[in-house]
Amino acid sequence: MSAHSGAVGKASAGRRGKDRGFQLGLLFCVAVSVVLLAVLLVDVVADGVGRLSWDFISSFTSISADQAGIQAALWGTIWLMGVCAAFIVPVGVATAIYLEEYADSTKWWNRLIEVNIQNLAAVPSIVYGILGLAFLVRGPLSLGNVVLAGGLTLGLLVLPVVIIAGREAIRAVPPSIREGSMALGATQWQTIWRQVLPASIPGIATGVILALSRAIGETAPLIVIGAVTVIAFNPTGLDSPFTAMPIQIFDWISRPSNDVNDYRPLAAAGILLLMILLVAMNSVAIWLRNRYEQKW
Amino acid sequence: MPDQPVTEPQDKPQEEEGRGLSRSIGVRAQGPAGAPAIDGLPPQKKKAREPIFDLEDVQVSYGPKPAVRGVSFDIGRNEITALIGPSGCGKSTLIRCLNRMNDLIPTARVEGRVLYHGQDLYGPGVDAVEVRKRIGMVFQKPNPFPKSIFDNIAFGPRVLGMKGSMDEIVERALTHAALWDEVKDRLKTNAFGMSGGQQQRLCIARCLAVEPDVILMDEPCSALDPISTGKIEDLMINLKQEYSIVIVTHNMQQAARVSDKTAFFTVELDDEEHRSGRVVEFDDTEKIFTNPSDSRTEAYVTGKVG
Amino acid sequence: MEAGATAAAKSRAEAPSLRAARRRWGEDLIKAFLILAAFISILTTTGIVVSLVGETISFFGEVGVGDYLFGTEWSPLFEPASFGVLPLVLGTFLISAVAMLVAVPLGLAAAIYLSEYAHPRVRKIIKPILELLAGVPTIVFGYFALTFFTPEVLRGLFGSDVAIFNGISAGIIIGFLIVPTVASISEDSMSAVPQSLREGAFGLGAAKLQVTMRVVFPAALSGIVASVVLGFSRAVGETMVVVIAAGLQPQWGLNLFKAMETMTAFIAATGKGDIPTGSIEYKTIFAVGTTLFVITLIMNLISIRFVRKYRQVYE
């Protein structure tokens, strides 16, 4: 008996050691990712915070690094987000409503739509740039390098995010609510418009903000559709040429710095401003979710 | 109003087992004249029985297999008709045919005839939305909307385009549902803050607000405590003066307490070895519980079978 | 008032017309609009395929398919031009492989830790950090790779053998970028494993390490594989980090410490200029784009299959 218990005792100590070692290993890996993020943030802040100022926001870009600013890109981004939102909200919500409330999921065409959306969510963003170039900027619509083309390209890119979030929000509304409404003599659309949608709005809004958060930082599609990098005016309409914050940042990164002009702090400051916008948007999303989320 | 079981003196040994049973579960031998009147409703008048629903060999299937078949009985005006029987025998399936709620299930198929005031509910050109305006439903689990009490009641009248002051409509509905006094000071608060029993009476008020002809109730008290159950049973008895009510219930005593007619359902194996529900017996409630014609009915109401 | 209400109900009951007063046009119109909206997603895919395939076919009118698919020299803008795409594909795969060497261990470790070991309070801190990592725009990672990682870390370790634009820096940084993708899908998959499986193993006397690696991990395998495949697909499709940090010189070789060009970087660099529609340069964008799209499509479909498999088993 005692010989056995001794052997068991030893094995479990060794095993516990292995367990502890494994857990520490996991923690170490997690720490590596956390540390990298921290170093990245510190690096960007260190490089850019000095240059971030009201002048920076209110000036236009220039060859002279001291005088350059991000105003045109900032307004370009705002215009792009406006067009993007105006597109993804109706189309995304309508698609989500169709798939959740009207579509018979046994029919092959509805399943095709679903798989298609899942696939579109994983297509590289630069391919959307090619799509925009071929159909919106040139080709059939030939809009040119304008705000409308840029906004729609970004809209197509992030549309799956809105559809997926919208579907989840609509699905979360219990069937009993729909039954109660229809049993009173309401039509299907009356039920959706007056019961299901109002209850889904917090989830949908969160999804839209998530989508815009992705769109705001996208550079590759805008490069391909030809967003110009040196623009010294704000957009005046949907048919204006434009630049955007990621494009401007990319331009400053790409310019070689020399003794006269150091563009790196400009790029870093632009990045900082972009991150601040992102934090603001996500805070709104989190606040929305906490304040308005429906608990059934 | 709680029921007092009437105790029988022990010096009548020849009394039928059934009669003794019916007393102990409190069957109302007389009509509901003794029930407390609720504001605004005219007193009960005796009149000839008018059927408003006529079911002729109704069969409902989900997919290929029938869930309930061979249902033929009628439902009378200003009566409470109870559908009783063990679980899974198609009572809920059948009641959902009466307001075309089965339309919401894609695989559901209804055969036979469901006549409402002589018209086939499933006839061509019949609009299910119009049907539901006249035949309302209260569900097993109270399902108030995530809105204020006022907006819950006002929802139906608004979408149906009913004319009149919404305040008056809401007050009238809540009064009919015996809820007005309890909530009149907090109409704008969220309905989710109410207790279960109040929520169910809210759902009844919501149903009443669109002025239906018939009220269907699918086990309305099964999620509620006994006191709330009692309040709703009293409410039902008062409501039948103006509406016709069909109630599905698992609770035999409830059926015996409130209903005028009762249909007893059971599950059977049919020719192809499928289980499906059917109506065994349909008669006056008193007869079903004191002197049922079918032995299966007797087995169920005396508690021999579950 | 009461009599009026009762009378209304009675009149409706006595002469009920069960037909709708008029046909509900509005409902049909709305349904048509909704279907149209849903159709836009189909149109998007169709548009992508049509635009890519159309110009690619036109491209192959000028360049031989064999030259394209098997050539090892990519210099489309020089005289004489050469259109062998293999250097771009190799560059893409090398960098993506490096990325996976980083992302898979770190991502899986995070997933295992969060799913099996982490205290709820620790989870509450780490999950948002991973979401933050996922939310940083890729251009920021590109900036970091070029201005910090290459000069400070790589050159610090390996000296000036490391070119300022190099593949390994881009690869490692892309790896970090993908960690949240691998971690979240794998963690989802592991959390879906029923607790009863773990309890069964613990009941037999297994230690936590064994339960995790021999019971939970294999049970969650299809979701984990899905996350890796999806992560690889993302690495292949990543543009900004490689454009900024890996350089724009196509390389037919394995030296990760030099500049190398990926498919995405080529498309971005070429698209940046004002290329006349229909020129050979314009068409190269589409040819390389098609190659990229096909590769990621195959990987995405494989990944979707694996996700469906793991969802089916437990739900």
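Residues numbered from 1 in each chain as written. Chains lettered and ligands numbered in written order. Predicted model: local features only at pLDDT ≥ 70, side-chain atom pairs only at ≥ 80, totals over all residues.

Caption draft 1: Spotlight on the overall build of chain B. A tally of regular secondary structure across chain B gives 11 helices and 11 strands. Residues classed as buried in chain B amount to 46% of the 306 residues present. Within chain B, contacts between residues separated by at least 24 positions form 71% of all contacts whose residues are at least 6 apart in sequence. (Helix = DSSP H or I, 4+ residues; strand = E, 2+ residues; numbered from the N terminus. Buried ≥ 20, exposed ≤ 12 C-beta atoms within 10 Å, placed from the backbone. Contact = placed C-beta atoms within 7 Å.)

Caption draft 2: Highlighting the overall build of chain A. Tallying secondary structure elements over chain A gives 11 helices and 0 strands in all. Listing each helix as α and each strand as β along chain A from the N terminus yields α-α-α-α-α-α-α-α-α-α-α. Rg of the C-alpha trace for chain A: 25 Å, well past the compact-globule value of 19 Å for 296 residues, more than 25% over. Along the first, second and third principal axes, the C-alpha atoms of chain A reach 85 × 65 × 35 Å. Every one of the 296 residues in chain A was classed for burial, and the buried ones make up 49%. (Rg over C-alpha atoms; globule rule 2.2 N^0.38 Å.)

Caption draft 3: Just the interface of chain A and chain C, in detail. Counting residues at the interface gives 65 residues for chain A and 66 residues for chain C. Among the elements that make up the side of chain A that touches chain C, the one with the highest residue count is helix H1 (residues 2–48) of chain A (17 residues).

Caption draft 4: A look at the interface of chain B and chain A. At the junction of the two partners, chain B supplies 20 residues and chain A supplies 16 residues. When residues of the side of chain B that touches chain A are assigned to their parent elements, the largest contribution, 4 residues, is made by helix H4 (residues 149–160) of chain B. A class-by-class count of the residues in the side of chain B that touches chain A yields 12 nonpolar, 4 polar and 4 charged. (Nonpolar A, V, L, I, M, F, W, Y, C, P; charged D, E, K, R; others polar.)

Caption draft 5: Main features of the packing of helix H3 (residues 71–102) of chain A against helix H6 (residues 147–171) of chain A. Residue and element names in this part refer to chain A. One can describe the packing of H3 onto H6 by two numbers: an axis separation of 6 Å at closest approach and a directional angle of 35 degrees. For the element pair H3 and H6, the recorded crossing hand is right-handed. The residue inventory of the contact of H3 with H6, partitioned by class, reads 20 nonpolar, 6 polar and 3 charged. (Axes fitted to C-alpha atoms, helices over the stretch in contact; angles between N-to-C directions. Left-handed = near helix turned anticlockwise from the far one by under 90°.)

Caption draft 6: Spotlight on the environment of Asn78(B). Residue and element names in this part refer to chain B. By the element assignment, Asn78 lies in the loop between strand S3 (74–76) and strand S4 (80–84). In this structure, the C-alpha to C-alpha distance between Asn78 and Ile52, residues 26 residues apart in sequence, is 9.3 Å. Apart from the residues lying within four places of it in its own chain, the contact partners of Asn78 are Lys240, Gln241 and Ser244.

Caption draft 7: Focus on the domain arrangement of chain A. All names here are of chain A. Considered domain by domain, chain A is made up of domain 1 (1–48) and domain 2 (55–292). If you look at the interface, domain 1 gives 4 residues, while domain 2 gives 6 residues. Split by residue class, the side of domain 1 that touches domain 2 holds 2 nonpolar, 1 polar and 1 charged. (Domains from an automatic or database assignment.)

Caption draft 8: Up close: the nonpolar core. Membership of the largest hydrophobic core comes to 195 residues, with the highest contact counts inside it found for Ile173(C) and Val241(C). Element by element, the count of residues in this core is highest for H3(A), at 19 residues. When residues of this core are sorted by domain, at least three fall in each of domain 1 (1–48) and domain 2 (55–292) of chain A. With residues near it in sequence (within four places) discarded, Ile173(C) still touches Phe141(C), Phe144(C), Ala145(C), Phe149(C), Val241(C) and Ala245(C). Among the nonpolar cores identified, the runner-up in size contains 87 residues, and Ile95(B), Tyr122(B), Met236(B) and Val246(B) belong to it. (Core = buried A, V, L, I, M, F, W, Y, C linked by C-beta atoms within 7 Å.)

Caption draft 9: Looking closely at helix H11 (residues 264–292) of chain A. Under the 1.5 Å per step criterion, the end-to-end length of H11(A) is 42 Å for 29 residues, consistent within 8% with the ideal 42 Å. Within H11(A), the full set of buried residues consists of Leu266(A), Ala267(A), Ala268(A), Ala269(A), Gly270(A), Ile271(A), Leu272(A), Leu273(A), Leu274(A), Met275(A) and Leu278(A). (Expected span 1.5 Å × (residues − 1).)

Caption draft 10: A look at the confidence of the model for chain A. Averaged over chain A, the pLDDT score is 89; the fraction of residues at 70 or greater is 96%. Here residues 1–10 of chain A scores under 50 on pLDDT; set against residues more than four positions off or in separate chains, the count is 0 contacts. (pLDDT = per-residue confidence, 0-100.)

Caption draft 11: Up close: unusual backbone geometry. With a phi angle near 45 degrees, Ser142(A) is a residue other than glycine that sits in the positive phi range. Relative to the helices and strands, Ser142(A) is located in the loop between helix H5 (125–137) and H6. Residue Ser142(A) is classed as exposed on the basis of its C-beta count, with 11 C-beta atoms lying within 10 Å. In the Ramachandran plot, Glu219(B) falls in the positive-phi region, its phi being about 45 degrees despite a non-glycine side chain. On the neighbour-count criterion, Glu219(B) (20 C-beta atoms within 10 Å) is buried.

Caption draft 12: Fine view of the pairing of strand S5 (residues 108–116) of chain B. Residues and elements named next belong to chain B. In this sheet, S5 lies alongside strand S1 (residues 51–62) in antiparallel orientation, the contact comprising 8 bridges. Across the sheet, the residue bridging to Phe53 is Tyr116, located in S5. As judged from the 2 bridges shared by S5 and strand S6 (residues 119–120), these two strands associate in the antiparallel manner. Within S6, the position partnered with Leu115 by the bridge is Asp120. The antiparallel hairpin formed by S5 and S6 contains 2 residues in its connecting segment, where His117 sits at a positive phi of about 50 degrees. (Pairing = 2+ DSSP bridges.)

Caption draft 13: Spatial organisation of the packing of helix H5 (residues 120–135) of chain C against helix H7 (residues 167–191) of chain C. All names here are of chain C. The interhelical angle for the contact between H5 and H7, taken along N-to-C directions, is 135 degrees, at an axis separation of 8 Å. Here H5 lies oblique to H7, going by the angle between them. In the crossing of H5 with H7, the sense of the turn from one axis to the other is left-handed. Contacts between H5 and H7 involve Leu130, Glu131, Leu133 and Ala134 from the first element and Val179, Pro180, Ala183 and Ser184 from the second. (Parallel < 35°, antiparallel > 145°, perpendicular 65-115°, else oblique.)

Caption draft 14: Looking closely at the confidence of the model for chain B. Residue and element names in this part refer to chain B. Taken over all residues, the pLDDT of chain B has a mean of 84, while the share at 70 or more is 84%. Across residues 1–38, where pLDDT falls below 50, the model places 41 contacts with residues more than four positions away in sequence or in other chains. Both confidence scores are given for the complex: pTM 0.87, ipTM 0.90.

Caption draft 15: Expanded view of helix H8 (residues 188–216) of chain A. Here H8(A) contains 29 residues, and its C-alpha end-to-end distance of 36 Å is more than 12% below the 42 Å for a straight helix at 1.5 Å per residue. At Ile201(A), H8(A) shows its largest bend, some 50 degrees, and a proline, Pro202(A), comes one to four positions later. (Bend = angle between axes of the 7 residues up to and from the residue.)

Caption draft 16: Inspection of the environment of Leu143(A) at higher detail. For Leu143(A), the position within the fold is in the loop between H5 and H6. Measuring from C-alpha to C-alpha, the distance between Leu143(A) and Ala165(A) comes to 30 Å, with 22 residues separating the pair along the chain.

Caption draft 17: Layout of the pairing of strand S2 (residues 65–71) of chain B. Of all 7 residues that make up S2(B), 5 are buried, and the element is covered over most of its length. Between S1(B) and S2(B), which follow one another and run antiparallel, lie 2 residues, and Gly63(B) among them has a positive phi close to 75 degrees.

Caption draft 18: Up close: the environment of Ile80(B). Residues and elements named next belong to chain B. Looking at where Ile80 falls in the secondary structure, it is placed in strand S4. Placed 136 residues apart in sequence, Ile80 and Leu216 show a C-alpha to C-alpha distance of 9.8 Å. Not counting residues within four places of it along the chain, the set of residues in contact with Ile80 comprises Met236, Lys240, Ile245, Ile247, Val258, Ser259 and Asp260.

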